[in-house]
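Each chain, letter by letter, is given below.
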Amino acid sequence: GLFQSYAVEVDIKDASNATCLYADWMMRFLITYESNNGDYKTTTLNLSSSVTHNGSVCGNDTQATLVAVQFGEGHSWSINITKNSETYQGDFITLTYNTNDTAVFPDAKRKGPVTVLVKDPLHPVQLNTVFVCHNSYFIEAENITQIFWNVTVQAFVQNDTVSKKESRCPADIPTSAPTVPPTVANVTTASTTTLSPAPTTAPKPVENPDTGNYSLKSGNKTCFLATLGLQLNVSQDKPLLININPKTTITDGACGNTTATLKLNDGNSTLIGF
């Protein structure tokens with residue numbers, strides 16, 4: 001769907017009015033909540049045009065940097081950033097959303113602020129280096145997906161000067177040529193200008209996925225039942241086929257009066273929702 005989101009720019013100063021952290025990024029949140037009639041709905045929480053960063057503080061060798069932003073009708077987001085002698089790294093991300101905001105949660109059963117804490121999964125960044133990520137990346141926890149893009153951030157800025165040295169996120173780094181050719185379904189137009197060398201050996205075909213039985217209970221009653229073999233064809237960076245193994249897949253979700261959500265987690269960072 002269409003959405004309106006705004007960029008956040010934070011320039012935190014220390015006691016001498018020198019920049020200790022600079023950040024500029026965009027983000028939005030997908031939140032699943034229970035409505036008054038027992039259904040589970042997913043809504044999009046975007047940044048508003050007016051964003052404050054009250055409570056943000058510089059860090060040091062013993063205290064974490066805190067980037068805190070407030071937006072909309074009682075929503076807030078923050079991240080703690082710590083450092084050692086060589087690198088800095090995000091620690092915990094805290095999102096508080098307010099279901100009293102009827103524009104975003106028009107029929108929420110639970111009213112008031114809800115806080116979710118998640119560990120920042122990104123790798124450490126060298127000191128005096130700017131972390132940059134233009135492409136989108138996602139952080140999932142509980143019933144929330146946090147989406148970030150156009151990110152530029154440097155914590156523990158030295159000498160009041162943001163560095164020109166960059167550390168790129170994996171999503172921004174070009175990948176090597178695919179080792180598995182795309183399927184016929186993915187091919188739309190043959191290239192007439194650049195041809196890759198033919199592989200010397202044919203790739204090993206991917207076997208059909210095993211069939212699994214997945215169920216979801218509400219109390220003692222089964223509200224969701226699925227029997228299927230599941231294979232994903234991912235071609236965002238390079239063609240990749242993934243078989244979901246029923247033996248190692250964890251089932252989760254929720255049942256409502258008129259809707260049910262089934263979540264499958266294969267233990268390898270692959271999450272699928274029905």
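See the structure above.
Owing to the predicted nature of the structure, the values given are computational and were not obtained by experimental measurement.

### Remarks on the state of the cysteines
Enumeration over the complete set of coordinates arrives at 2 disulfides. At a sulfur-sulfur separation of 1.8 Å, the disulfide partner of C20 is C58. Of note, the bridge from C20 to C58 carries an S-S torsion of about -85° and is left-handed in sense. One end of the pair, C20, is in strand β2 (residues 19–34); the other, C58, is in the loop between β4 (51–52) and β5 (65–71), and 38 residues separate them in sequence. Each member of the pair, C20 together with C58, is buried. Two residues share a disulfide in this structure: C133 and C169, whose sulfurs sit 2.0 Å from each other.

### Here we look at the pattern of salt bridges
The tally for this structure, following the rule as stated, stands at 7 salt bridges. Here D172 makes a salt bridge to R168, at a shortest N to O gap of 3.0 Å. In the salt-bridge network here, residues are joined through shared partners; they are E166, R168 and D172.

### Considerations on the pairing of strand β8 (residues 113–119)
Remark: a regular strand shows side chains that alternate across the two faces of the sheet. Residues V114, V116 and V118 line the buried face of β8, whereas the alternating positions P113, T115, L117 and K119 sit on a face that is not buried. Across 7 bridges, strand β7 (residues 87–98) lies against β8 in antiparallel orientation. Looking at β8, one finds that Y97 is bridged to V114.

### Considerations on the nonpolar core
In terms of nonpolar packing, the biggest core is built from 44 residues, with W25, W77, Y97 and F131 touching the most fellow members. Per element, the largest residue contribution to this core is 8 residues, and it comes from β2. If sequence neighbours within four positions are ignored, Y97 has contacts with I31, L45, H75, F105, G112, P113, V114, V116, N143 and I144. Grouped together as the second largest cluster of nonpolar side chains are 9 residues, F224, L230, L262 and I272 included.

### Details of the sheet that holds strand β20 (residues 271–273)
The sheet built from 3 strands is open, its strands ordered β18-β19-β20 with antiparallel pairing. What marks the edges here is a single partner per strand, and that holds for β18 (250–255) and β20. The sheet shows a mean angle of 15° between the axes of neighbouring strands, direction not considered. Inspection of the sheet shows β18 paired to strand β19 (residues 260–265) by 6 bridges, in the antiparallel sense. Of the residues in β19, the one forming a bridge with T251 is L264.

Parameters at a glance
- Residues numbered from 1 in each chain as written.
- Predicted model: local features only at pLDDT ≥ 70, side-chain atom pairs only at ≥ 80, totals over all residues.
- Heavy atoms only, no water.
- Disulfide = S-S within 2.5 Å.
- Helix = DSSP H or I, 4+ residues; strand = E, 2+ residues; numbered from the N terminus.
- Buried < 20%, exposed > 50% of the residue type's maximum accessible area, 1.4 Å probe, protein only.
- Salt bridge = Lys/Arg side-chain N within 4 Å of Asp/Glu carboxyl O.
- Pairing = 2+ DSSP bridges.
- Core = buried A, V, L, I, M, F, W, Y, C linked by side-chain atoms within 4.5 Å.
- Contact = heavy atoms within 4.5 Å.
- Axes fitted to C-alpha atoms, helices over the stretch in contact; angles between N-to-C directions.

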